[in-house]
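These are the residues of each chain, in order.
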Protein chains: 2
Amino acid sequence: MPYDPSAFPPFAVTVDLVVLTVRRHALCALAVRRGEPPFQGRWALPGGFVRADEDLAQAAARELAEETGLRAHDPDAAAQDNGAHLEQLATYGDPKRDPRMRVVSVAHLALAPDLPAPRAGGDANSARWAPVEELLQRGGYGREGELAAPLAFDHAQILADGVERARSKIEYSSLATAFCPAEFTVGELRRVYEAVWGVALDPRNFHRKVTGTPGFLVPTGGTTTRQGGRPAQLFRAGGATLLNPPMLRPEV
Amino acid sequence: MPYDPSAFPPFAVTVDLVVLTVRRHALCALAVRRGEPPFQGRWALPGGFVRADEDLAQAAARELAEETGLRAHDPDAAAQDNGAHLEQLATYGDPKRDPRMRVVSVAHLALAPDLPAPRAGGDANSARWAPVEELLQRGGYGREGELAAPLAFDHAQILADGVERARSKIEYSSLATAFCPAEFTVGELRRVYEAVWGVALDPRNFHRKVTGTPGFLVPTGGTTTRQGGRPAQLFRAGGATLLNPPMLRPEV
DNA sequence: GTGTTTATCGTCAGGGAGACGACTATGATC
DNA sequence: GATCATAGTCGTCTCCCTGACGATAAACAC
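Residues numbered from 1 in each chain as written. Chains lettered and ligands numbered in written order. Predicted model: local features only at pLDDT ≥ 70, side-chain atom pairs only at ≥ 80, totals over all residues. Heavy atoms only, no water.

Draft legend 1. Layout of the protein's contact with DNA strand C. The environment of DNA strand C is formed by 24 residues, the closest being A:Arg204, B:Arg204, B:Arg208, B:Lys209 and B:Arg230. Taking the atoms of DNA strand C that fall within 4 Å of the protein, sugar and phosphate contribute 53% of them. The side chain of A:Arg208 places a nitrogen or oxygen atom 3.5 Å from a base oxygen of DNA strand C. A distance of 3.0 Å is found between a base nitrogen of DNA strand C and a side-chain nitrogen or oxygen belonging to A:Arg230. Residue assignment for the surface near DNA strand C shows that the elements contributing at least two residues are α4 (186–197), α5 (203–212) and β10 (232–237) of chain A together with α5 (203–212) of chain B. For the surface near DNA strand C, the element with the highest residue contribution is α5(B), accounting for four residues. (Near = heavy atom within 4 Å. Polar contact = N/O pair within 3.5 Å; in protein donor to acceptor, adjacent residues only side chain to side chain. Helix = DSSP H or I, 4+ residues; strand = E, 2+ residues; numbered from the N terminus.)

Structure follows, in structure tokens:
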């Protein structure tokens, strides 16, 4: 059977981004306000069409840079080069997920340290960091007291999947360091875990665990008191990517 | 900015399947021989175009049924209803992955019990179960002594990703039971782990672990001697999907 | 100096896993 | 039928990790 271009239906392919960070002790995601129908005025995940000559990862990295200014660093690259962690999350292709046409969206997950402020084309009102709880609760009230409408399209599902991926992945990998600046303290790393999991961890056991796992943390020699209290050692992320044994998420 | 259909390039979207099973103590994958260019005559993963009104999971389930006769059971459904486990794996969209046109492939992973024989349109010569080692080694010799050509397209990468997903997922989930028939013994389940991981496990510790994990196995009351030796208890898969603490894969 | 905050070290008990001995119940072989 | 090989199942022992939590250290605020 020869190649027949009419044998398959055409699709639009987009990348959508779940960009997570930890701000003020809460797990936050980047949301942009839609300026056009459908779902005009509603919040959505950042994203856009994949270009004709672009790989999926390239498209995701481009969108990430456009929305946040962050460079994505290669997953295989060495430690923290001030870029964000970027990985493919899942693909969503329900025939009715976009009322305009058949769109398949390849969602990606990005983890970034706390950033100054979103810059979405200069329009400060069209992009924001919002706590994921707020974005996922339906019909509740957001930070400014406005009724929190659900995210556009199936983006609430995508966000939920991204959050769950992040929550489980920091268990058995050193990925939590992607939420931290280049140098950080054990306490700062612990607060990342606490924010992502929404639990309180014992500082002493956490300290023992992370400093006792070879390759997880590398001391830089410096100290800081930016959290108040006794000065804490500064660390960089070590080369290890897999944690064995894993960091255990407390039950319930 | 109004909706402009010419604003995005058209893609073809396919699903490719990594169908894994355990045969003769080896992890095997389903491969089909390509009957047309490109890569004519080479082995490839089964797959096909997503139809215009089809969800991605539906398309994957349809392809799985066409190639193997297996019904995919819903991931949220209860235990072993004689269907195969099916989940989305990852999406591959390199612009050059298909020389004909821009194709994005949403790969899925299926785990099935040992099946009689592939039935690919009745042509026994065009589909087979092959050990994943054989399919992944490049330039080696296959079972019949023929030179094993690499899989078509980027299917070697997809297969490798699927195998790695399966290997890691049976660690912390009860998914290994998807490789077993509806009723199975502890020894049969152990041989699944051994085949997937390529290691030997201590039968006594394994028995203690799986029978001691609540919800993993449910005794049916029957016994069997189909493996020889002392009769073994028969079990069905329990309702538990997550194993906590996980089954530990021995380090190298 | 006193209190507060955060960091860091230590101790102790309990659970799980690896190593491995011992016993049991089949079929195969002599 | 005795013996052997094969699998399955139960126990024991030790080590390591974890959770719970006491104690000390070093900064800042007053």
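We are not done yet, so read on.
Draft legend 2. Highlighting the interface of chain B and chain A. On the side of chain A, 30 residues touch chain B, which itself brings 30 residues to the contact. At the surface where chain B touches chain A, the tally comes to zero salt bridges. Applying the counting rule to chain B against chain A returns 10 residue pairs in polar contact (both at pLDDT 80 or more). Every element with two or more residues in the side of chain B that touches chain A is listed here: β1 (12–23), β6 (84–92) and β7 (103–111) of chain B. Partitioning the side of chain B that touches chain A into residue classes produces 18 nonpolar, three polar and nine charged. (Contact = heavy atoms within 4.5 Å. Salt bridge = Lys/Arg side-chain N within 4 Å of Asp/Glu carboxyl O. Nonpolar A, V, L, I, M, F, W, Y, C, P; charged D, E, K, R; others polar.)

Draft legend 3. Spotlight on the side chain of B:Glu134. Considering the arrangement of structural elements, one finds B:Glu134 in helix α2 (residues 132–136). Among the polar contacts listed, one links the side chain of B:Glu134 to the side chain of B:Arg128, at a separation of 3.0 Å.

Honestly, it's all geometry; don't read function into it.
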